[in-house]
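For reference, the chains in residue letters:
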Amino acid sequence: MKPKLLYIGNKLSKHGITVTSIETLGTLLENDGYEVFYASSYKNKLLRLFDMLFKTFYYRKKIDYVLIDTYSTYNFWYAFLVSQLCRILKLKYIPKLHGGDLPNRLKKSPKLCQMIFKNAYLNVAPSAYLLEAFSHKGFARIEYIPNTVELINYQFKKRTQLQPRLLWVRSFASIYNPQMAIEVFDELKKDYPHASLCMVGPDKDGTFEKVRQLAHKKHLDVLFTGKLSKKDWINISQQYDIFINTTHFDNTPVSVIEAMALGLPIVSTNVGGISYLLENEKTALLVPDRDTQAMVAAVKRILSDAHLSDYMMHNAYELVQDFDWNKVKRLWNALLI
């Protein structure tokens, strides 16, 4: 019989927020035979925290592990408080590390980080980037288990005669710099009047309205879809030829992994853990953070160099096989059973 888990994280998709690991990985673990309890789906942050703490106490005698999605910003405090309650209750807890800015949290809050990560049963890093950052800080209880997708749900499209049809998929938040996608599109239209841009994702911090206004100011016809189901945005992706990732901070973004699975050539800012995931001119083209002109040039290069585009799409699809749930679940089973 497989262990019982309490999964702590932001289970907020019913409120229009992007699906996160608690819902994707949690469901995959359930489908693989684990019994999983969850906290929390409250939209109010304080209620969410109370629910996390309450359920940790309530399920303390029914579970074998507490899995905690751990981020660098205000969600860090959820992880801190839940982890310390786990210590008091003598529960085995496993922080699942997220976010390209988490290494900065190690620097800003060293004592708090020691209290969380040194006392964990194990820390799970979904990228070599975070694995290296935590190892360098002396955290020995850490293991690499990558973010995962079910490749069976993604239809690879062999793209030929690429067109300047750009796809951007992320929450509208300042750290993901969606304004850069508008600026890239604006520059690209000067040489490719028929270019198009689709931006998929919900608003997270009020950034969406700023992006919409910027597109209106520049007289750009951008397709804003809002939040879509996984199935719907995958269907839309078939109409586009290049995936752009404009973020300021990143770890191992699932949307980029999904783009590889769908056969979309990728142009990304080279920040955080991106260079640990993607190799420039092999699986993607990488450009400096905030460098609109460099991203425009990279998009044009993909459009003009069919050999390079085919080479990157092929290599990216080979790479994404390592993220398939059928492989990744073996790592979780080895850790939990």
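See the structure printed just above.
Not measured: the values here are computed from a predicted model.

1. Things to note about a nonpolar patch on the surface
Piece 1. A surface patch of nonpolar side chains, amounting to about 420 Å² of accessible area, comprises Tyr 42, Leu 46, Leu 47 and Phe 50.
Piece 2. Tracing the backbone shows Leu 47 in helix α2 (residues 45-58).
Piece 3. Its relative accessible area of 43% is what places Leu 47 among the partly exposed residues.

2. A short note on the pairing of strand β7 (residues 165-169)
Piece 1. Burial runs high along β7: four of the five residues are buried.
Piece 2. As paired strands, β7 and strand β8 (residues 196-200) are joined by five bridges and run parallel to one another. Pairing of Trp 168 across the sheet is with Met 199, part of β8.
Piece 3. Handedness of the crossover is the feature at issue here: the chain leaves β7, passes through helix α7 (residues 179-191), returns alongside β8, and the resulting connection is right-handed.
Piece 4. Pairing between β7 and strand β10 (residues 242-245): two bridges, direction parallel. What sits directly across from Leu 166, in β10, is Ile 242.

3. Describing the nonpolar core
Piece 1. Formed by 33 residues in total, the largest nonpolar core has its most connected members in Ile 182, Leu 197, Met 199, Ile 244 and Val 267.
Piece 2. Not counting residues within four places of it along the chain, the set of residues in contact with Met 199 comprises Trp 168, Phe 172, Pro 178, Ala 181, Ile 182, Val 211, Val 222, Leu 223, Phe 224, Thr 225 and Gly 226.
Piece 3. In terms of nonpolar packing, the next biggest core, distinct from the first, is built from 31 residues, Val 82, Tyr 93, Leu 106 and Ala 120 among them.

4. Things to note about the sheet that holds strand β11 (residues 266-269)
Piece 1. The sheet built from six strands is open, its strands ordered β9-β8-β7-β10-β11-β12 with parallel pairing. The open sheet is flanked by β9 (223-226) and β12 (285-287), the only strands paired with a single partner. Put simply, the sheet's adjacent strands are angled 20° from each other on average, direction ignored.
Piece 2. Of the pairings in the sheet, the one linking β10 to β11 comprises three bridges and is parallel in character. Paired with Asn 245 across the bridge in β11 is Ser 268.
Piece 3. The sheet strands contacting α7 are β7, β8, β9, β10 and β11, and the helix crosses β8 at an angle near 170°.
Piece 4. Contacting β7, β10, β11 and β12, helix α12 (residues 292-304) crosses the sheet at an angle of about 165° to β11.

5. A word on the packing of aromatic side chains
Piece 1. Within the structure shown, the criterion is met by 17 aromatic pairs.
Piece 2. Ring plane angle 50° and centroid distance 4.5 Å describe the contact between Phe 156 and Tyr 317, whose orientation is recorded as tilted. Of the two residues, Phe 156 is situated in the loop between β6 (142-144) and β7 and Tyr 317 in helix α13 (residues 306-320); the sequence distance between them amounts to 161 residues.
Piece 3. For Phe 156, a relative accessible area of 28% translates into the label partly exposed.
Piece 4. Among the residues examined, Tyr 317 registers a relative accessible area of 28% and is labelled partly exposed.
Piece 5. One aromatic cluster in this structure is built from Phe 37, Phe 54, Tyr 58 and Tyr 59.

6. Examining the pattern of salt bridges
Piece 1. Scanning the model with the defined rule gives 16 salt bridges in all.
Piece 2. The partner of Lys 2 in a salt bridge is Asp 32, with the nearest N and O atoms 2.9 Å apart. Taken together, the residues Lys 2 in the segment before β1 (4-8) and Asp 32 in the loop between α1 (21-31) and β2 (35-39) connect sequence positions 30 residues apart.
Piece 3. Residue Asp 32 is classed as buried on the basis of its relative accessible area, which comes to 18%.
Piece 4. Across the pair Asp 186 and Lys 218 runs a salt bridge, and its minimum N-O distance is 3.4 Å. Here Asp 186, found in helix α7, pairs with Lys 218, found in the loop between α8 (207-217) and β9; they are 32 residues apart in sequence, far enough to count as distant.

7. Considering the side chain of Asp 101
Piece 1. Within the secondary structure, Asp 101 is located in the loop between β4 (93-97) and α4 (102-108).
Piece 2. Despite being buried, Asp 101 has no salt bridge partner; Lys 108 is the closest side chain of opposite charge, sitting 4.9 Å away.
Piece 3. Discounting chain neighbours no more than four positions away, the residues touching Asp 101 are Ser 72 and Phe 249.

8. Observations concerning the environment of Lys 327
Piece 1. Tracing the backbone shows Lys 327 in helix α14 (residues 325-336).
Piece 2. On the basis of relative accessibility, which here comes to 39%, the residue Lys 327 falls in the partly exposed class.
Piece 3. In the structure, Lys 327 is positioned 226 residues away from Asp 101 in sequence and 27 Å away in space, judged by C-alpha atoms.
Piece 4. Ignoring anything within four residues of it in the chain, the contact list for Lys 327 reads Gln 321 and Asp 322.
Piece 5. Reaching out from Lys 327, the side chain makes a polar contact with the side chain of Asp 322 at a distance of 3.5 Å.

9. Quick look at the pairing of strand β3 (residues 65-70)
Piece 1. Burial of β3 is extensive: six of the six residues sit out of reach of the surface.
Piece 2. Of the two faces of β3, the one holding Tyr 65, Leu 67 and Asp 69 and the one holding Val 66, Ile 68 and Thr 70 are both buried throughout.
Piece 3. With four bridges connecting them, β1 and β3 associate as parallel partners. From the neighbouring strand, Leu 5 faces β3, where its bridge partner is Tyr 65.

Rules used throughout
Residues numbered from 1 in each chain as written. Predicted model: local features only at pLDDT ≥ 70, side-chain atom pairs only at ≥ 80, totals over all residues. Heavy atoms only, no water. Patch = residues over 30% accessible without salt bridge, like charges linked within 9 Å, V, L, I, M, F, W, Y side chains within 5 Å. Areas by Shrake-Rupley, 256 points an atom, 1.4 Å probe, with all protein chains shown as cover. Salt bridge = Lys/Arg side-chain N within 4 Å of Asp/Glu carboxyl O. Helix = DSSP H or I, 4+ residues; strand = E, 2+ residues; numbered from the N terminus. Buried < 20%, exposed > 50% of the residue type's maximum accessible area, 1.4 Å probe, protein only. Pairing = 2+ DSSP bridges. Right-handed = clockwise from strand over helix to strand, strands pointing away. Core = buried A, V, L, I, M, F, W, Y, C linked by side-chain atoms within 4.5 Å. Contact = heavy atoms within 4.5 Å. Axes fitted to C-alpha atoms, helices over the stretch in contact; angles between N-to-C directions. Phe/Tyr/Trp six-rings, centres within 6.5 Å; stacked < 30°, edge-to-face > 60°. Lys, Arg positive; Asp, Glu negative; His and termini not counted. Polar contact = N/O pair within 3.5 Å; in protein donor to acceptor, adjacent residues only side chain to side chain.

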